[in-house]
Amino acid sequence: MTMPQSPDRIEYAVEGGHRLSGAIEPSGNKNAALPIICAALLTDQPVELSNVPRIRDVEALIKLIRSLGVEAVWTGPNELTIHAQVVQPTQLDPDLCSRIRASILLAGPVLSRCGQLTLPPPGGDVIGRRRLDSHFLALQQLGAEISLNQEIVFRAKRMTGADVFLDEPSVTATENALCAAVSASGTTVLRNCASEPHVQDLAHFLNRMGARIEGIGSNCMTIEGGRPLGRVSHRIGPDHIEVGSLIGLAAATGSEIRITNAGVDQLRSTLMGFEKLGINCAIEGDDLTVSSEQSKLIQPDFGGHVPKIEDQPWPAFPADTMSIAIVTATQCTGMVLMFEKMFESRMFFVDKLIAMGARIVLCDPHRAVISGPTRLKAARLESPDIRAGMAMLIAAMAADGTSIINNAQQIERGYERIEERLNAIGARITRTPARPA
């Protein structure tokens, strides 16, 4: 007897071997939308956001801010209005917090508005230890008191600007520190901070609210705190990780895809990484075209040495694109070393690719050698996290036969209606359960 599937569990049946053709637009940047939604709590005036991705992580965060008494209403397919006229630092739902790491982004804004917050441990992808120390150290230097037990308790009678040096260029710690600093009295200098496109998007959003942040896009930002923050309308920028995923998908399946409104000015490191795999894209304005005619010949380093693709903090190759690059490399000719420096468990999905026929040697938790090309065969897969899930989806679309991807709700935490959008350009993905009409 077949047991009924949990309503929270999603499965994809993916018929491989089909070439895609057409145009597709990336969703709004998930990693910009999450901190910006939290930052909307810094003002008691309405905040209107557009190009917000309707994904599971965003929906979970909206439930969390509503539990604080904040009004959050979808006014269009990807348009969200947030009005934090009242913020009540009530008990947050531990289950919701355990689903998304972004719950930690509430610390800076709620602490600034209410002076206190009790936060259950945040969750998110299982890709290795993801320390919170940088958040704590930054907020403590701005005046917060933090205690740890079963929950994290933040308190601050008064937030004051400071010269803050982050012990690592953490994206979310930078975002929390920015939100706290714009409300703190005095000037904050934030050093060794992250500068990813989503961090820049948050900083521009805060400036449009009335903050004064200088040095956006660099690793040192100066924030003049204590300025009044008011009503604002803001459009979330395109997701450069999704663009990288679509480039990898086109190359792995031998398809021609036009990626519209791709945010090409944020793609230099991504395009350079794919060029090492023999994949080149044409740029027309803000659109990007991946031709079906690619050499897919891995480019050796000078002297014929095995090349290396490694992730590093921005503006280097993004960590979230490593899983995509790995599966793409299985369809390229030659050998490449992939060096994942930032998370010690992110590469542990490669055993699924090996079972599909890929030639991959996992050297250690951070390094893998890929030799291609290999013909992939269909398999039953389990998505461990957002980006590995998308990599498995790409592998399944390139493989012979029909693959089953379980735990596909992980993919939908970061990619909006991905099966619908890919089916529209020629994919054959069946989602169970089907989406409501």
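A brief structural summary. (Residues numbered from 1 in each chain as written. Predicted model: local features only at pLDDT ≥ 70, side-chain atom pairs only at ≥ 80, totals over all residues. Heavy atoms only, no water.)

Turning our attention to the sheet that holds strand β10 (residues 186–191). Read across the open sheet, the four strands follow the order β9-β10-β12-β11; overall the sheet is mixed. Each edge of the sheet is formed by a strand with only one pairing partner; in this case those strands are β9 (163–165) and β11 (212–214). Each adjacent strand pair in this sheet contributes to an overall mean axis angle of 15°, direction not counted. (Pairing = 2+ DSSP bridges. Helix = DSSP H or I, 4+ residues; strand = E, 2+ residues; numbered from the N terminus. Axes fitted to C-alpha atoms, helices over the stretch in contact; angles between N-to-C directions.)

Burial along strand β13 (residues 232–235) is one-sided: V232 and H234 are buried, while S233 and R235, pointing the other way, are not. One ladder, built from four bridges, connects strand β3 (residues 46–50) with β13; its direction is parallel. Residue pairing in the sheet places E48 in a bridge with S233 of β13. (Buried < 20%, exposed > 50% of the residue type's maximum accessible area, 1.4 Å probe, protein only.)

This brings us to helix α4 (residues 107–114). Residues of α4 that are buried: A107, G108, P109, V110 and L111. In the core, the buried residues of α4 are packed alongside α1 (30–39), β6 (116–119), α5 (133–141), β8 (152–155) and α6 (171–183). Phi turns positive, to about 80°, at G115, one or two residues after α4. (Contact = heavy atoms within 4.5 Å.)

The step from G372 to P373 runs through a cis peptide bond, and the omega angle for that step is 0°. Structurally, P373 is set in the loop between β20 (367–372) and β21 (380–382). For the peptide bond that leads from T432 to P433, omega is 0°, which places it in the cis range. Among the secondary structure elements, P433 is positioned in the segment after β23 (429–432). Not every positive phi belongs to a glycine, and N261 is a case in point at roughly 45°. Summarising the element assignment, N261 is placed in the loop between β14 (256–259) and α9 (268–276). The class of N261 is partly exposed, set by a relative accessible area of 39%. In the Ramachandran plot, K296 falls in the positive-phi region, its phi being about 50° despite a non-glycine side chain. Its location among the elements puts K296 in the loop between β16 (287–290) and β17 (308–310). Under the relative-accessibility criterion, K296 is labelled buried at 18%.

Within this structure, the stated rule accounts for 24 salt bridges. When the shortest N-O distance is used, the salt bridge between D57 and K30 registers 3.7 Å. Taken together, the residues D57 in helix α2 (residues 56–67) and K30 in helix α1 connect sequence positions 27 residues apart. The class of K30 is buried, set by a relative accessible area of 8%. With a shortest N-O distance of 3.6 Å, E224 and R227 are connected by a salt bridge. Note on E224: relative accessible area 31%, which makes it partly exposed. Salt bridges sharing partners connect three or more residues here, namely D320, E340, R346 and R387. (Salt bridge = Lys/Arg side-chain N within 4 Å of Asp/Glu carboxyl O.)

Attention now moves to the packing of aromatic side chains. Evaluation of the coordinates by the stated rule reveals one aromatic pair. Taken together, a centroid distance of 6.2 Å and an interplanar angle of 55° make the contact between F136 and F154 tilted. Placement of the pair is F136 in helix α5 and F154 in strand β8, with a sequence separation of 18 residues. Neither residue differs from the other here; F136 and F154 are each classed as buried. Looking at R54, its charged tip hangs above the ring of W74, at a distance of 3.8 Å from the centre. Directly above the ring of F339 sits K341, whose terminal nitrogen or CZ lies 5.4 Å from the centroid. (Phe/Tyr/Trp six-rings, centres within 6.5 Å; stacked < 30°, edge-to-face > 60°. Lys NZ or Arg CZ within 6 Å of the ring centre and 35° of its normal.)

It is worth spelling out the nonpolar core at this point. Core analysis: the biggest nonpolar cluster contains 78 residues, and L106, F154, L178, F205 and L206 have the highest contact counts within it. At seven residues, the largest contribution of residues to this core is made by α1. With residues up to four places along the chain from it excluded, the contact list for L206 reads A39, L42, L178, V182, A211 and I213. Counting residues in each nonpolar core, the second largest holds 69 residues, with A250, I370, A388 and L422 among its members. (Core = buried A, V, L, I, M, F, W, Y, C linked by side-chain atoms within 4.5 Å.)

Regular strands have side chains that alternate between both faces of the sheet. Of the two faces of strand β12 (residues 220–225), only the one carrying M221, I223 and G225 is buried; C220, T222 and E224 on the other face are not. The pairing of β10 with β12 spans six bridges and is classified as antiparallel. Bridge pairing links G186 to G225 in β12. Here three bridges tie β11 to β12, and the two strands are oriented antiparallel to one another.

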